[in-house]
Amino acid sequence: MIARIVLDLPLTTVFDFAAPGLGGDAIGRLAVVPFGAGKRRAGEPTPTPTKTQIGLIVEMVETTDVPPEKLKAIIGLVPRVAAFTAADMALFGFCARYYHHPLGQIALGGLPPLLKLAPTRAEPDRAVRVSEITDAGRAALATLPSRSVAQRSMLEMLAHGPVAEVELKRRHLRATSTLAQLVKKAWVVVREEAASNIPLKHSADDGFFSPHSLNAEQQTAVQAINAAHGSFASFLLSGITGSGKTEVYLHAIHHCLLQGKQALVLVPEINLTPAFVRAVSQRFAHANVVELHSGMSNVPRLDAWLAAQRGEADILIGTRLAVFTPMPRLGLIVVDEEHDASFKQQEGFRYGARDVAVFRASNKLCPVVMGSATASLETLQNVAQKRFTQLTLTARAVAQAALPKIDFIDLNIERAPDGITSRLVEAIRDTVARGEQALVFINRRGYAPALVCAQCAWMPECTRCSARMVFHRGGGNNGGQLKCHHCAAQRRAPAACPKCGSHELVAAGSGTERVEEALEAALASSVPAVPPIRIARVDRDSTRRRGSAEKIFSAAAKGEVDVLVGTQMLAKGHDFPKLTLVGVVNADGGMFSADFRAAERLAAQLMQVAGRAGRAELPGRVLIQTRFATHPLYQAVASHDYNKFAQIALAEREHAHLPPFSFLALLRAESRNKEALADFMQQAAKDAHAMRGGEDVSVWDPVPPTLARKAGFERRQLMIQAGSRRSLQTFLATWLPMVRAQKVHAVKWVIDVDPQDV
Ligand code: ADP
Ligand code: ZN
Ligand code: ZN
């Protein structure tokens, strides 16, 4: 037989390998194949050693066009890994077509790294010790005295089916001795089994408990989701922070587990949502809950993936990459904070995990629940068109927790010398004096976004990017650092202007470091004097080390921090019961971006950060510093009415024929060679223009993106806009082969379908 195999390469080619001894059931298996020549020492007579790669078998056929002398044989199948199912393969295939990306990269690119470390020879399938209950054991279960707790609970577990030894150890305290006793009584037998043959099993009892009874809206939501079990349905669960969405997910997951199915939960950034992960693990005491994200070290990541793929994991919580994890018993998908930009992969294979989740649910015939307080306009449009069903939670679940009051500080009137007004400083002081906590949100890290020469207006720029260097004090024992936020460039801040020699270099604008410093100074000199106030800064710089963000958050939760100053890392998932004041500094920046989604993102971010204030019994307050308090966006935020904002924004999008009322694809190209890049883009545009004949597709001119040069590469982009997904796809299917045919090696390009940053 011939195995047709895709590899993790930027090629759409399917490779043929001889696969003696394999049959149709090898489809979906991972195989080790010889690929590419290894190093050969000069004059060495032996055959060239070969390198190996992991590939995915997509087809088994009997003949090939590859001449016999060129046909290589596969080395073996990857042990321990069962075949990807037809549903998995369909998911990869859909993504390859929809995102116009090579199948091999989609299927193999996101696998746990350890899985891809191709062994050079085939290993035998790993043997695993499996325990199975005997008939005598079943009979004993009925008569066993109740004081034999350990033996009884193990027998009960085994009564549902054979269990691997590792699993028994995970679930039972003294598993080894209990098992030995059961084996001695011949109630249980232990046998060796090839790992890939172990039958899929699941726990009958997930140990779920619910601390509250659901309110009427929550019940309605849970019932709607449960009623859809076993069929495809998309739900938008709308509700502000604290309205009890998590509770709804948990009940729906419980129902899914009761049906013997697995649940997949996607979250934006797992490190920022530890409370959520903890809640899930705690609430399902007996279920097997695993996590998956790229920040994990290799071994746990492989274990989690294998547990999901074998059907052993009941609940998988992960970031966007987890959407591709095979789950043979998948019965429910939850996408928390569905609007979050992190669900879109921004390099290489540019998929949108939320959209992939919906396809996966439709293909697996299971419900998908997307939750948000600030749903994306795409999702709201899907609701309007009745593709998604909206379930709404209108109130905060905890009765006393009222919505925070939102006020504005008018920057046209009040001064904010270091980014923060004295009115905000006073409000923070009063809050802390009452023994409560405050949060200051500023969406910019570093000390100041620019350094400016007061004499000649010179500003330091990155030599490799078309961007200003950001000024960082970072400790401040030297003169500070200049950092580029787009590449790794970093250098010491100059003491004098290199252009005119002036020593008057001024920090312009403010970032987290500056606001922290200004706040510290203002509070220290405050009248009446206040006891020392503990300020913690949370941004990418202050939390670089693993676990440090978590440390700050847990200190804040324990009340060991009075004021948190930070970026949008603060906006998500954390629940500080004493936090009653949120100050927003410098939000206006988000309103004047070239990106048509900027306002939507700003509104979502403001609603989210405002939601941090006053979660428990203490009433919350939000102060937003702005020059544009009367802008509809701010007015909608102030009245807690995201829907109002969304309706206005949707009307604008419709008028401008922008998503969700049109469908976009962006050709993104970059090169060190400006001329080659220009030629490439021109040809691509010419091909695109030549194609359109009365179609519902428009081709924009090639333009530089906002960041026209990055890390030494010139960048250009070309937008394709279509009236429907179908016409966009039809267009791309014809156009992209022409783009590919240009074969300009100096230019790197990708197609971004449904781009998020334009
Ligand atoms: P969300 O996910 O929408 O932010 P959560 O589900 O985390 O909201 O709920 C917010 C708070 O309300 C939590 O402390 C939760 O325990 C509590 N809660 C949720 N549902 C109920 C309910 N039906 N009765 C009482 N408290 C509830
Ligand atoms: Zn100067
Ligand atoms: Zn740079």
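Just above sits the structure.
What counts and how
Residues numbered from 1 in each chain as written. Chains lettered and ligands numbered in written order. Predicted model: local features only at pLDDT ≥ 70, side-chain atom pairs only at ≥ 80, totals over all residues. Heavy atoms only, no water. 1 Å grid on protein atoms, 1.4 Å probe; cavity = no way out; pocket = protein on both sides within 12 Å on 5 of 7 lines; lining within 4 Å. Points joined across faces, edges and corners; volume = space filled by probe spheres on them. Helix = DSSP H or I, 4+ residues; strand = E, 2+ residues; numbered from the N terminus. Near = heavy atom within 4 Å. Polar contact = N/O pair within 3.5 Å; in protein donor to acceptor, adjacent residues only side chain to side chain. Areas by Shrake-Rupley, 256 points an atom, 1.4 Å probe, with all protein chains shown as cover. Donors = N, O, S within 2.8 Å, 3.2 Å for Na, K, Ca; no water. Tetrahedral: all angles 85-135°; square planar, octahedral: opposite > 155°, others 65-115°. Buried < 20%, exposed > 50% of the residue type's maximum accessible area, 1.4 Å probe, protein only. Salt bridge = Lys/Arg side-chain N within 4 Å of Asp/Glu carboxyl O.

A. Just empty space enclosed by the protein, in detail. What the rule picks out here adds up to three cavities of 30 Å³ or more. Considering only enclosed or pocket space, the largest cavity measures out at about 40 Å³ in volume. Lining of the largest cavity is provided by A87, D88, L91, R360, N363 and K364. The set of elements that each furnish at least two residues to the lining of the largest cavity consists of helix 1 (86–99) and helix 12 (353–364).

B. Up close: the site of ligand 1. Taken together, 16 residues sit near ligand 1, with H212, Q218, G242, K245 and T246 positioned nearest. The side chain of H212 places a nitrogen or oxygen atom 2.9 Å from an oxygen atom of ligand 1. Between ligand 1 and K245 there is a distance of 2.9 Å, counted from an oxygen atom to a backbone nitrogen or oxygen. When ligand 1 sits alone it has 560 Å² of accessible area, and the protein chains cover 75% of it.

C. The coordination of the zinc ion (ligand 2), seen in detail. The zinc ion (ligand 2) binds to the protein through C453 (SG), C456 (SG), C497 (SG) and C500 (SG); the donor distances cover 2.2 to 2.4 Å. Geometry at the zinc ion (ligand 2) is tetrahedral, judged from the four donor atoms that bind it and their angles of 103 to 114° at the metal. Looking at C497, the relative accessible area reads 4%, which means it is buried.

D. How the structure looks around the pattern of salt bridges. The tally for this structure, following the rule as stated, stands at 33 salt bridges. Note that E269 is salt-bridged to R540, the shortest N-O span being 3.5 Å. Taken together, the positions of E269 in the loop between strand 10 (262–266) and helix 10 (274–283) and R540 in the loop between strand 23 (535–538) and helix 16 (548–557) put the pair 271 residues apart, joining distant regions of the chain. Owing to a relative accessible area of 25%, E269 belongs among the partly exposed residues under this scheme. Of the charged contacts, one joins D754 and R725 as a salt bridge, the two residues approaching to 3.6 Å between their closest N and O atoms. Taken together, the residues span a long stretch of sequence, with D754 in the segment after strand 31 (748–753) and R725 in helix 21 (residues 725–741) at a distance of 29 residues. Residue class for R725 comes out partly exposed when judged on its relative accessible area of 40%. Residues participating in the shared-partner salt-bridge network are K344, R350, R668 and D752.

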